Amino acid sequence: MFDGYDSCSEDTSSSSSSEESEEEVAPLPSNLPIIKNNGQVYTYPDGKSGMATCEMCGMVGVRDAFYSKTKRFCSVSCSRSYSSNSKKASILARLQVTGKPPTKKAKVLQKQPLVAKLAAYAQYQATLQNQAKTKAAVSMEGFSWGNYINSNSFTAAPVTCFKHAPMGTCWGDISENVRVEVPNTDCSLPTKVFWIAGIVKLAGYNALLRYEGFENDPGLDFWCNVCGSDIHPVGWCAASGKPLVPPRTIQHKYTNWKAFLVKRLTGAKTLPPDFSQKVSESMQYPFKPCMRVEVVDKRHLCRTRVAVVESVIGGRLRLVYEESEDRTDDFWCHMHSPLIHHIGWSRSIGHRFKRSDITKKQDGHFDTPPHLFAKVKEVDQSGEWFKEGMKLEAIDPLNLSTICVATIRKVLADGFLMIGIDGSEAADGSDWFCYHATSPSIFPVGFCEINMIELTPPRGYTKLPFKWFDYLRETGSIAAPVKLFNKDVPNHGFRVGMKLEAVDLMEPRLICVATVTRIIHRLLRIHFDGWEEEYDQWVDCESPDLYPVGWCQLTGYQLQPPASQSSRESQSGSSKQKKKAKSQQYKGHKKKRKMPIGKKPVSLSSLPMTGGVRRSFSGDEELTPPPYRTLPAQTAPEAFPPPSTSREFSPSLKTVTTLQLKEELIDGEDYNFLQGASDQESNGSASFYIKQEP
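The rules we used
Residues numbered from 1 in each chain as written. Predicted model: local features only at pLDDT ≥ 70, side-chain atom pairs only at ≥ 80, totals over all residues. Heavy atoms only, no water. Helix = DSSP H or I, 4+ residues; strand = E, 2+ residues; numbered from the N terminus. Buried < 20%, exposed > 50% of the residue type's maximum accessible area, 1.4 Å probe, protein only. Contact = heavy atoms within 4.5 Å. Areas by Shrake-Rupley, 256 points an atom, 1.4 Å probe, with all protein chains shown as cover. Pairing = 2+ DSSP bridges. Axes fitted to C-alpha atoms, helices over the stretch in contact; angles between N-to-C directions. Phe/Tyr/Trp six-rings, centres within 6.5 Å; stacked < 30°, edge-to-face > 60°. Lys NZ or Arg CZ within 6 Å of the ring centre and 35° of its normal. Polar contact = N/O pair within 3.5 Å; in protein donor to acceptor, adjacent residues only side chain to side chain. Arc of directions from axis to C-beta. pLDDT = per-residue confidence, 0-100. Salt bridge = Lys/Arg side-chain N within 4 Å of Asp/Glu carboxyl O.

**Student:** Just to check I follow, could you spell out the overall build of the protein for this structure?
**Tutor:** When you go through the protein residue by residue, the secondary structure sums to 15 helices and 29 strands. By the burial criterion, 49% of the 694 residues in the protein qualify as buried. Contacts in the protein between residues at least 24 apart in sequence constitute 65% of all its contacts with a sequence separation of at least 6. Split by element, the accessible area of the protein, about 33,100 Å² in all, is 52% carbon and sulfur.

In structure tokens, the structure reads:
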């Protein structure tokens, strides 16, 4: 690979003739050492031959494709031309390949190309100056992950934590000290040249790179997206005929750069040869515009509607509800989101569905093939299973920072459940939401207490602190069996304090700078940098709404930077309108509005529950199934006063409740984990149990 490395620093001044000096055009800079291909064969680190250069025209190409046994020429024409005019050919080769200043004869032969090269050089210098100005302007206003991480010594979650993201399953051994070939920005040559750099630090897709030869000097360190088009494995320049030029700052540091590189790269790791191909393949998505899907109705969580894929960015879909005439009524989600399904899914499981007013598909629209959607785990509902009225704990989809007391309101087919939040339900069930039985967003009774998470009691419930045993007795309810919940905990790799890019699920078109602040087995507490903790969100470790640092840059998605102190101070007035959309994702429901740190949010408990808060289904058409049987919503504690006599509760019912709890405790030996699971990590098998009250 480094054969033919030479230095162009020798004295190559023009002739002393005054006539010659007047006719000579100023040569290109010739004092830089360049790894050139002057008729020599590039050799890869494993010793295999790679590229060759035509001795006639100077073209670089694959050696095996060259003409003749010696592989000295790229074609028969060049071979014959070289034989008839070998002297002219050598001059041309010297001019085009080595970059050395031409003699007078060579100048006559190549006068026009040289002028063109000089013009290109001048244009190149002007371009560099313009780029520098542009970068300076952007860096002042834009957000830089590199600066943010460096200035605060943050750590980013590795790409391997995100199986749904590009390269998430084939990231391999990319780590610190891996060598790559990147553009050399510390160079005055008119053409794009490269140099070898090593990874100093990884932050998601982004890598802090340092040019070889700088050793411990971070003066020219720079951040770059590893999956970008300007990063290549060592050997790419040889295969592509690109020159390797050391940075100008250190060009005189070593006299033999070839020996230096051979020593530094021996035994070093680099990117796989097909890395760019894998990146490209991992960014191909099966969902296409004009595909029709069923998606949750953002105004009524209990039902689905038909929507059409408008655009696909990095696997994220912008869905436009089919009835939206101006195409502004949209919904953002990932293609693996549990909120989207194939056409006909609602009918097949008995889920409520809003029939579209459009009687026939629009031209070009077609149903998405069912196999493209995320598969849920198959469950056996024939034996012991969830039943209506059972209690559990669930993440509130309208306030993702809380885990609430909840009730199973309807059991659907294929393991799906309709769940309502106790004390906050509408009488018609319009705010019920659908979770699968294996969903990581539902938990058995006692999960929050065991893991020291604050459980949100039913609205208006005054017997605090909340005790599950008392509540079950007062409501005459039973807890859902622990054995029915998902107890799998993957080795996800997240750690507290790791940075990432996360979707604000209350306004899912926004992706924000975020931090992992708590880890409870597979459950992550996501904090949006610069915002109050009340807007944190509980998210599963395998959620498709989490992305590595640098994902937005890679896919072209807009990243929302942290709220700075200055912006927090200036948003006292304008933020109310600018952030209004944060509470409008699920229209018709009272929802907190995200607020910068230092501003007092409105408490949900202070909002009255009136009929106008929840929307009804009046006027909506339903395909299947028939309307839900209305169940009484949880009411204020006055409806469940503590029993004063034993006659208020059936003895048989009390016995069932007690036996149910005892049975869970007996079965709990296979389902328990340590009290107060570590926030640092919890990777491995684990499960839940119900804590026995004295």
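**Student:** How should the sheet that holds strand β9 (residues 222–225) be read in this particular structure?
**Tutor:** Backbone hydrogen bonds are what pair the strands of a sheet, in a parallel or an antiparallel way. If you trace the 5 strands from one edge of the open sheet to the other, you get β9-β8-β7-β6-β10, paired in antiparallel fashion. Edge positions in the sheet fall to β9 and β10 (232–233), since each of these pairs with one other strand and no more. As paired elements, strand β6 (residues 179–183) and strand β7 (residues 194–203) share 5 bridges and run antiparallel to each other. Opposite P183, over in β7, you have F194 as the bridge partner. Sitting on the sheet, helix α8 (residues 257–265) touches β6 and β7, and the angle it makes with β7 is about 30 degrees.

**Student:** What am I meant to see in the environment of A374 here?
**Tutor:** Following the sequence through the fold, A374 ends up in the loop between β17 (366–367) and β18 (391–396). The exposure class of A374 is partly exposed, given its relative accessible area of 43%. Considered as a pair, A374 and S337 are 37 residues apart in the sequence and their alpha carbons are 7.2 Å apart.

**Student:** Which parts of the structure should I look at to understand the packing of aromatic side chains?
**Tutor:** Remark: the centre distance and the inter-plane angle together describe each pair of aromatic rings, the angle taken between the planes. Within the structure shown, the criterion is met by 28 aromatic pairs. When the ring of F386 is compared with that of F485, the centres are 5.4 Å apart and the planes differ by 90 degrees; the resulting orientation is edge-to-face. Highlighted residues: F386 in the loop between β17 and β18 and F485 in the loop between α12 (468–475) and β24 (498–503), separated in sequence by 99 residues. Each member of the pair, F386 as well as F485, is classed as buried. One aromatic cluster is present, built from ring pairs that chain together F143, W145, Y148 and F154. Cation over ring: R305 sits above Y321, and NZ or CZ is 4.1 Å from the ring centre.

**Student:** Quick question: what am I supposed to make of unusual backbone geometry here?
**Tutor:** Most peptide bonds take the trans form, and the phi angle of most residues other than glycine is negative. For the bond from L464 to P465, the omega torsion is 0 degrees, close enough to zero to count as cis. The phi torsion at D414 lies on the positive side, around 60 degrees, for a residue other than glycine. Checked against the element boundaries, D414 lands in the loop between β19 (399–411) and β20 (416–421).

**Student:** Help me understand the pairing of β20 in this model?
**Tutor:** In summary, the side chains of a regular strand alternate between the two faces of the sheet. Among the 6 residues that make up β20, 6 are buried, leaving the element largely enclosed by the rest of the structure. Covered by surrounding structure in β20 are F416, M418 and G420 together with L417, I419 and I421, the residues of both alternating faces. Direction of pairing for β19 relative to β20: antiparallel, over a ladder of 5 bridges. The partner of I408 across the bridge, within β20, is I419. Counting the residues in the hairpin turn of β19 and β20 gives 4 residues, including D414, whose phi is positive at 60 degrees. Bridging between β20 and strand β21 (residues 433–436) involves 4 bridges; their strand directions are antiparallel. Across the sheet, the residue bridging to I419 is F433, located in β21.

**Student:** I would appreciate a short explanation of the environment of E425 in the present structure.
**Tutor:** Assignment of secondary structure puts E425 in the loop between β20 and β21. On the basis of relative accessibility, which here comes to 11%, the residue E425 falls in the buried class. Taking C-alpha positions, E425 is 9.8 Å from R459, a pair spaced 34 residues apart along the chain. Among the polar contacts made by the side chain of E425, one reaches the side chain of R409 at a distance of 2.7 Å. At 2.8 Å, the side chain of E425 and the side chain of W432 are in polar contact.

**Student:** Would you take a moment to explain helix α6 (residues 145–152) for this structure?
**Tutor:** The complete set of buried residues in α6 reads W145, G146, Y148 and I149. Considered in projection along α6, the buried side chains sweep an arc of 165 degrees and stay on one side of the axis. Turned more than 90 degrees away from the buried face of α6, the exposed residues are N147 and S151. In the segment just after α6, S153 is the residue with positive phi, at about 55 degrees.

**Student:** Where do I start with the confidence of the model for the protein in this structure?
**Tutor:** Detailed conclusions should not be drawn from predicted coordinates in areas where pLDDT is low. For the protein, mean pLDDT is 74; residues scoring 70 or higher make up 62% of the total. Between residues 1–32, whose pLDDT stays under 50, and residues either more than four places distant or in other chains, the model counts 68 contacts. Low pLDDT (under 50) marks residues 568–694, which in the prediction has 261 contacts with non-local residues, meaning those over four places away or in another chain.

**Student:** In this structure, what is going on with the environment of T515? I would like to understand it.
**Tutor:** Assignment of secondary structure puts T515 in strand β25 (residues 511–520). Overall, the relative accessible area of 8% leaves T515 in the buried class. The spatial distance from the C-alpha of T515 to the C-alpha of D529 is 6.8 Å, given a sequence separation of 14 residues. When neighbours within four sequence positions are excluded, T515 is seen to be in contact with G497, M498, K499, L500, R525, I526, H527 and D529.

**Student:** What's the story with the pattern of salt bridges in this structure? I'm lost.
**Tutor:** Oppositely charged side chains are able to pair whenever their charged atoms sit close together. The full count for this structure, using the stated rule, is 27 salt bridges. Measuring nitrogen to oxygen at the nearest pair gives 2.8 Å for the salt bridge that ties E212 to R264. On the criterion of sequence distance, the pair formed by E212 in the loop between β8 (206–211) and β9 and R264 in helix α8 is long-range, its members being 52 residues apart. A salt bridge links E542 to R522; the shortest N-O distance between them is 3.2 Å. Of the two residues, E542 sits in the loop between β27 (537–540) and β28 (546–547) while R522 sits in the loop between β25 and β26 (523–528), which places them 20 residues apart along the sequence. Judged by relative accessible area, R522 falls into the buried class, the value being 12%. Within this structure, D297, K298, R299, R303, R305, E323, D329 and K354 form a network of salt bridges that share partners.

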